[in-house]
Amino acid sequence: MDPSGGAAIDMEHGGSAPPKRPRKSVRVLLFFLYFFGLGVGLPALVVGLVQAKYGLIDGPPQASGSPWAVSDGRFVHGRRLLATDAPVIDMRRMFPSAEAAALASNPDRTIVLAIQAGSAEAVAQAAAAIARQYQVKLPESTADATIADGFWRGRIRRDDRHLLLVLAPDAARAEARFSAMPGLPTAGDLAGDEFGNTLKTIVKYGIFVWAALQFVIFGRIAAWAGGEPAVRGVAPIAAEALMQRLLALSEQDIPFEVSRGTRPNELFVDWRYADAKWADLMRLHSMKEAYRLVLRFDAGQHNVRAQDRYASFRWSAGRGPNLASLAWKSSRGITFYEFRQERVFGLMFHDGKPRFDLSYTYTFNLQELKQPVIEIIRTAGWNYRAVISFIRLIGG
């Protein structure tokens, strides 16, 4: 926060500018391209393509051009399958073991029935139910057969999953109706259905694997995008010496301070929200958020792992350290950029005359707050590594 146009910060206590840091705008752009392209866009595209061709991932296959195509337990092309213009009746109540069952009763007194089941046993159960219902003896063979039993004449065709039946008062009408029907599904039809089911299963479980993989990868890519490498050729100094350099920032007239954290290897970089000078300014501009940068030092790899945190203010009357309260639990992760600017206008008096004029300009640039800290870390031979979490598996 820069209430008066800027506060100079001596990075190295010597007045010399640190080496120019690498630009991270390209890394941030690549991070978002990865997130929306590979992380979210690629699985969404794959799921969309599979669903467009084979139906919902968690539902039955989408209807194909086959007369035996099934959707939601019904034959999609029922009239074509039964070669009829009559209404097609769903018969799953009569054949509960079937995946789909349809019947049509035609004006020429022919009855046509089609059943699709999941096994040869289910087909046999359906055939037994038909025999009881129509008082007709059906052949047990799975090949084409002619029916001539009592009143009924007809034709039947079946395999281990399908049954197609025509019954009529005379053989001529039964044969004419049967010849108009498309017959059992071909090997190509069955292969297409099986492939669609297999592909949908692979995609469905692949989504969970992909999500788990992103759970591990996402934090590392975010850390790569938001991090800054150490200045080349600079030997890393001791962790405690680096911490002392950062703690020295608190001695300057800047709107943040550096303090020891709750761990031996931890520092907090906070707004001076309890300092009357800065708190009054923040209250003047109705600021309701406080910012904290948490730094943890990994001496083994010379990495400073950093996490952005935000909390909400609750202002109280008076001055001093108790004028505001907050808890650092509301938001944490990586903030790549944040910039806010406000202009406050009011009734001002100039030479004894009132005038509506600009009274204050307020600018918040998160990068300007963090950059002095980052440069001290980099010029000390350490890497600045932004993390969404301090848990290694997630944040890297």
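Calculation criteria
- Residues numbered from 1 in each chain as written.
- Predicted model: local features only at pLDDT ≥ 70, side-chain atom pairs only at ≥ 80, totals over all residues.
- Heavy atoms only, no water.
- Pairing = 2+ DSSP bridges.
- Helix = DSSP H or I, 4+ residues; strand = E, 2+ residues; numbered from the N terminus.
- Contact = heavy atoms within 4.5 Å.
- Axes fitted to C-alpha atoms, helices over the stretch in contact; angles between N-to-C directions.
- Buried < 20%, exposed > 50% of the residue type's maximum accessible area, 1.4 Å probe, protein only.
- Arc of directions from axis to C-beta.
- Polar contact = N/O pair within 3.5 Å; in protein donor to acceptor, adjacent residues only side chain to side chain.
- Phe/Tyr/Trp six-rings, centres within 6.5 Å; stacked < 30°, edge-to-face > 60°.
- Lys NZ or Arg CZ within 6 Å of the ring centre and 35° of its normal.
- Core = buried A, V, L, I, M, F, W, Y, C linked by side-chain atoms within 4.5 Å.
- Lys, Arg positive; Asp, Glu negative; His and termini not counted.
- Salt bridge = Lys/Arg side-chain N within 4 Å of Asp/Glu carboxyl O.
- pLDDT = per-residue confidence, 0-100.

Caption draft 1: Fine view of the sheet that holds strand S7 (residues 152–158). As summarised here, the arrangement of the 6 strands in space is S3-S4-S5-S8-S7-S6, forming an open sheet in which the pairing is antiparallel. This sheet does not close on itself; its edge strands, each paired only once, are strand S3 (89–90) and strand S6 (145–149). By the bridge criterion, 2 bridges tie S3 to strand S4 (residues 98–105) in an arrangement that is antiparallel. Each bridged residue has a counterpart across the sheet, and for Ile89 the counterpart in S4 is Leu103. Strands strand S5 (111–117), S7 and strand S8 (162–168) of the sheet are contacted by helix H4 (residues 171–180), whose axis makes an angle of about 30° with S7.

Caption draft 2: Geometry of H4. Where H4 is concerned, the buried positions are Ala174, Arg177 and Phe178. Angular distribution of buried residues about the axis of H4 spans 100°; they occupy a single face of the element. Opposite the packed face of H4, turned more than 90 degrees from it, sit the exposed residues Ala172, Ser179 and Ala180. Where H4 is buried, its residues touch helix H2 (78–82), S5, S7 and S8. For H4, the N-terminal cap is Asp170; the gap from its side-chain oxygen to the backbone nitrogen of Ala172 is 3.2 Å.

Caption draft 3: Structural detail: the packing of aromatic side chains. Tallied over the full model, the rule gives 6 aromatic pairs. Taking the centre distance of 4.9 Å and the plane angle of 80° together, the rings of Phe35 and Phe36 count as edge-to-face. With relative accessibility at 55%, the residue Phe36 sits in the exposed group. Summarising the aromatic geometry, the rings of Phe151 and Trp152 are spaced 5.0 Å apart at their centres and angled 80° between planes, so their arrangement reads as edge-to-face. Residue placement shows Arg296 over the ring face of Phe390; its charged tip is 4.0 Å from the ring centre.

Caption draft 4: The arrangement of the pairing of strand S10 (residues 266–271) in detail. With respect to burial, S10 is a largely interior element, 6 of its 6 residues being buried. Of the pairings in the sheet, the one linking strand S9 (residues 256–260) to S10 comprises 5 bridges and is antiparallel in character. If you follow Arg260 over to S10, its bridge partner there is Leu267.

Caption draft 5: Structural detail: helix H6 (residues 239–247). Those residues of H6 that sit buried are Leu242, Met243, Leu246 and Leu247. Taken end-on, H6 shows its buried residues confined to a sector of 140°, consistent with a single buried face.

Caption draft 6: Just the nonpolar core, in detail. Judged by nonpolar contacts, the single largest core of 27 residues is most densely connected at Leu246, Leu295, Phe297 and Val373. Only H6, S9, S10, strand S11 (289–298), strand S12 (303–312), helix H8 (366–378) and strand S18 (383–386) provide two or more residues apiece to this core. The greatest single-element share of this core, amounting to 5 residues, is contributed by H8. Judged by nonpolar contacts, the second largest core, of 25 residues, contains Ile115, Ile130, Tyr134 and Ala145.

Caption draft 7: Region of interest: the side chain of Arg305. Structurally, Arg305 is set in strand S12. Buried and unpaired, Arg305 has Asp298 as its nearest opposite-charge partner, separated by 6.0 Å. A polar contact is formed between the side chain of Arg305 and the backbone oxygen of Phe390, at a distance of 3.2 Å.

Caption draft 8: Representation of the pattern of salt bridges in the model. Here the structure, examined in full by the defined rule, presents 11 salt bridges. Put simply, Arg92 and Asp90 hold a salt bridge, and the shortest N to O gap is 2.8 Å. Note that Arg392 and Asp298 form a salt bridge whose closest N and O atoms lie 3.2 Å from each other. Within this pair, whereas Arg392 is found in helix H9 (residues 392–395), its partner Asp298 is found in strand S11, the two being separated by 94 residues in sequence. Judged by relative accessible area, Asp298 falls into the buried class, the value being 16%. One network of salt bridges, in which partners are shared, links Arg74, Asp90 and Arg92.

Caption draft 9: Broad picture of the confidence of the model for the chain. Of all residues in the chain, 70% have pLDDT values of 70 or greater, and the mean over the chain is 76. A low-confidence stretch, residues 1–19 stays under pLDDT 50, and its non-local contacts, those more than four residues away or across chains, total 41 contacts.

Caption draft 10: The environment of Tyr310, seen in detail. Along the polypeptide, Tyr310 turns up in strand S12. Note: C-alpha distance between Tyr310 and Leu293 (17 residues apart in sequence) is 8.8 Å.

Caption draft 11: Up close: unusual backbone geometry. The backbone phi angle of Gln135 is positive, close to 55°, even though this residue is not glycine. Residue position: Gln135 is located in the loop between helix H3 (120–134) and S6. In the Ramachandran plot, His302 falls in the positive-phi region, its phi being about 55° despite a non-glycine side chain. In this structure, His302 sits in the loop between S11 and S12. Under the relative-accessibility criterion, His302 is labelled partly exposed at 28%.

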